[in-house]
Amino acid sequence: MQDPQPEFRPVAGVPEEVAPGVRRLLAPNPSPMTYRGTNTYLIGDSDLAIIDPGPDDAAHFQALLTTLGEGQTITHILVTHAHLDHSPLSKRLSQHFDAPIYGFGPAEAGRSAAMQALADSGCVGGGEGVDSEFNPDIPLADGDQVSGSGWSLTALHTPGHMANHLAFSLRDDLLFSGDLVMGWASSLVSPPDGDLGAFMASLRRLSKMSWSRFFPGHGAPVENPQERIEFLLNHRLAREDGILKALHQGPASARMIAEMVYTDTPAALLPAASRNVLAHLIDLMEQSRVSPTGDLDEEAVFKLN
């Protein structure tokens, strides 16, 4: 598989200034789903906010401590969403600095009624890397502000990749976009934690705002946010079209369809691709365009209505 961002090669544990008053510290957790690793961001000059502390990794924790200069301390810990590559280190940092953790809510917070029903039924699994123990000290609603010395962040509830997903805007034109918008890959949307309808709505909402740059949870900064959002929307619509065309050939499961439409995807990523297809199928089911031929689960076979 071709490297999507070959020029993006930060060294884990070595801070880089990516904007005035903003430093990025890469966590040492590279994988096919996290790319080079999780981007942890430090905002401010004295009383610092940290966005997405990352996995509960001792080396990353020590690197964060080493990054702090004289007179600097972490006073606010912000989490975009409760996945194991983003939130677990928040607990250790909170205890060390006696700083509160901010987030939308626990891992299941923000689910739509349909996704909660799926979760309650147990018919559709998921839980890819969910930090089920995450529970912020201070819940943030859409539009809430968190401020410190010389900085102010506004929380935007942007569900889709995960129901409790937040993005944080800084100075009105910079956005810490978490895993909703990334430049190196499109987001995984895996029900019931992921919701494709919510994902598309979040993208459309961001597309109506003016942004100069996104700082994502993984990969390089997104320098042309509007172009990237448009690409992601069109990409999902094209996937939907491909899924419907596949079903015109006859009933099929998410895995079968993934093998037909994700022709350039390595075998190791096909399970994630299948979950993305399932998200599309559930969204199409809610639109009454397709339906399962039996029980709704990972192996369900869908047909056109």
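Before any of the text, the structure's been laid out above.
Since this is a predicted model, take the numbers as computed values, not measurements.

1. Some details on the overall build of the protein chain
Thought 1: Within the protein chain, the secondary structure is distributed over seven helices and 15 strands.
Thought 2: The C-alpha atoms of the protein chain give 19 Å as radius of gyration, which agrees with the globular expectation for 305 residues (19 Å, within 12%).
Thought 3: Projected onto its principal axes, the C-alpha coordinates of the protein chain cover approximately 65 × 40 × 35 Å.
Thought 4: Expressed as a percentage of its 305 residues, the buried residues of the protein chain come to 55%.
Thought 5: Taking the intrachain contacts of the protein chain between residues at least 6 apart in sequence as the baseline, contacts between residues at least 24 apart amount to 64%.
Thought 6: Of the roughly 12600 Å² of accessible surface on the protein chain, 51% is carried by carbon and sulfur atoms.
Thought 7: Considering the protein chain, the positive charge centre built from 20 side chains and the negative charge centre built from 38 side chains are found 6 Å apart.

2. Digging into empty space enclosed by the protein
Thought 1: Inspection of the entire model under this criterion finds two cavities of 30 Å³ or more.
Thought 2: Volume-wise, the largest cavity comes out at about 40 Å³.
Thought 3: Together, H83, E128, H161, L188, S190 and D193 line the largest cavity.
Thought 4: Its residues assigned to classes, the lining of the largest cavity shows one nonpolar, three polar and two charged.

3. Regarding the side chain of D52
Thought 1: Considering the arrangement of structural elements, one finds D52 in the loop between β4 (47-51) and α1 (58-67).
Thought 2: No salt bridge is formed by the buried D52, whose closest oppositely charged neighbour, R24, lies at an N-O distance of 12 Å.
Thought 3: Ignoring any residue separated from it by four or fewer positions in sequence, one finds D52 in contact with N39, T40, L78, V79, T80, H81 and H86.

4. Considering the environment of T154
Thought 1: Note that T154 resides in strand β9 (residues 151-157).
Thought 2: Expressed as a C-alpha distance, the spacing of T154 and A167, which sit 13 residues apart in the sequence, is 8.2 Å.
Thought 3: In this structure, T154 is in contact with G143, D144, Q145, A167, F168 and S169, ignoring residues within four places of it in sequence.
Thought 4: A distance of 3.3 Å separates polar atoms of two side chains, one belonging to T154 and the other to Q145.

5. Description of the pattern of salt bridges
Thought 1: Under the counting rule described, the total for this entry stands at twelve salt bridges.
Thought 2: The closest approach of N and O atoms between E16 and R24, which form a salt bridge, is 3.4 Å.
Thought 3: Exposure remark for E16: the relative accessible area of 31% places this residue in the partly exposed category.
Thought 4: One salt bridge connects E298 with R275, and the closest N-O pair in it is separated by 3.5 Å. Placement of the pair is E298 in the loop between β14 (290-292) and β15 (301-304) and R275 in helix α7 (residues 270-286), with a sequence separation of 23 residues.

6. Overview of the layout of surface pockets
Thought 1: Each pocket or cavity is described by its volume, and for the largest pocket that value is around 970 Å³.
Thought 2: Residue lining of the largest pocket: 37 residues in total, with P32, M33, A185, S186 and L269 positioned closest to the centre.
Thought 3: Elements that contribute at least two residues to the lining of the largest pocket include exactly α5 (225-248) and α7.
Thought 4: No other element matches the five residues that α7 contributes to the lining of the largest pocket.
Thought 5: Residues belonging to the lining of the largest pocket are distributed by class as follows: 17 nonpolar, twelve polar and eight charged.

7. Comments concerning the environment of M115
Thought 1: Residue placement: M115 occurs in helix α3 (residues 113-121).
Thought 2: Those residues in contact with M115 that lie beyond four places of it in its chain are P191, P192, G194, D195 and I282.

8. With respect to the packing of aromatic side chains
How two aromatic rings sit relative to each other is set out by the distance from centre to centre and by the angle between their planes.
Thought 1: Applying the stated criterion across every chain yields a total of six aromatic pairs.
Thought 2: With a centroid separation of 6.4 Å and an interplanar angle of 15°, the aromatic rings of F8 and Y35 are classed as stacked. Taken together, the positions of F8 in the segment before β1 (16-19) and Y35 in the loop between β2 (22-26) and β3 (39-43) put the pair 27 residues apart, joining distant regions of the chain.
Thought 3: In this structure an aromatic cluster arises from ring pairing among F8, Y35 and W184.
Thought 4: Directly above the aromatic system of F199 lies the positively charged group of R236, at a separation of 5.0 Å from the ring centroid.

9. A look at α1
Thought 1: Among the residues making up α1, those that are buried are H60, F61, A63, L64 and T67. Relative to the axis of α1, the buried residues are bounded by an arc of 160° and lie together on one face. Among the exposed residues of α1, those pointing more than 90 degrees away from its buried face are A58 and T66.
Thought 2: Packing partners of the buried residues in α1 comprise β2, β3, β4 and α2 (89-97).
Thought 3: Where α1 begins, one side-chain oxygen reaches toward the backbone nitrogen of A59, 3.0 Å away; that side chain belongs to D57.

Reading the values: the criteria
- Residues numbered from 1 in each chain as written.
- Predicted model: local features only at pLDDT ≥ 70, side-chain atom pairs only at ≥ 80, totals over all residues.
- Heavy atoms only, no water.
- Helix = DSSP H or I, 4+ residues; strand = E, 2+ residues; numbered from the N terminus.
- Rg over C-alpha atoms; globule rule 2.2 N^0.38 Å.
- Buried < 20%, exposed > 50% of the residue type's maximum accessible area, 1.4 Å probe, protein only.
- Contact = heavy atoms within 4.5 Å.
- Areas by Shrake-Rupley, 256 points an atom, 1.4 Å probe, with all protein chains shown as cover.
- Lys, Arg positive; Asp, Glu negative; His and termini not counted.
- Charge placed at Lys NZ, Arg CZ, Asp CG, Glu CD.
- 1 Å grid on protein atoms, 1.4 Å probe; cavity = no way out; pocket = protein on both sides within 12 Å on 5 of 7 lines; lining within 4 Å.
- Points joined across faces, edges and corners; volume = space filled by probe spheres on them.
- Nonpolar A, V, L, I, M, F, W, Y, C, P; charged D, E, K, R; others polar.
- Salt bridge = Lys/Arg side-chain N within 4 Å of Asp/Glu carboxyl O.
- Polar contact = N/O pair within 3.5 Å; in protein donor to acceptor, adjacent residues only side chain to side chain.
- Phe/Tyr/Trp six-rings, centres within 6.5 Å; stacked < 30°, edge-to-face > 60°.
- Lys NZ or Arg CZ within 6 Å of the ring centre and 35° of its normal.
- Arc of directions from axis to C-beta.

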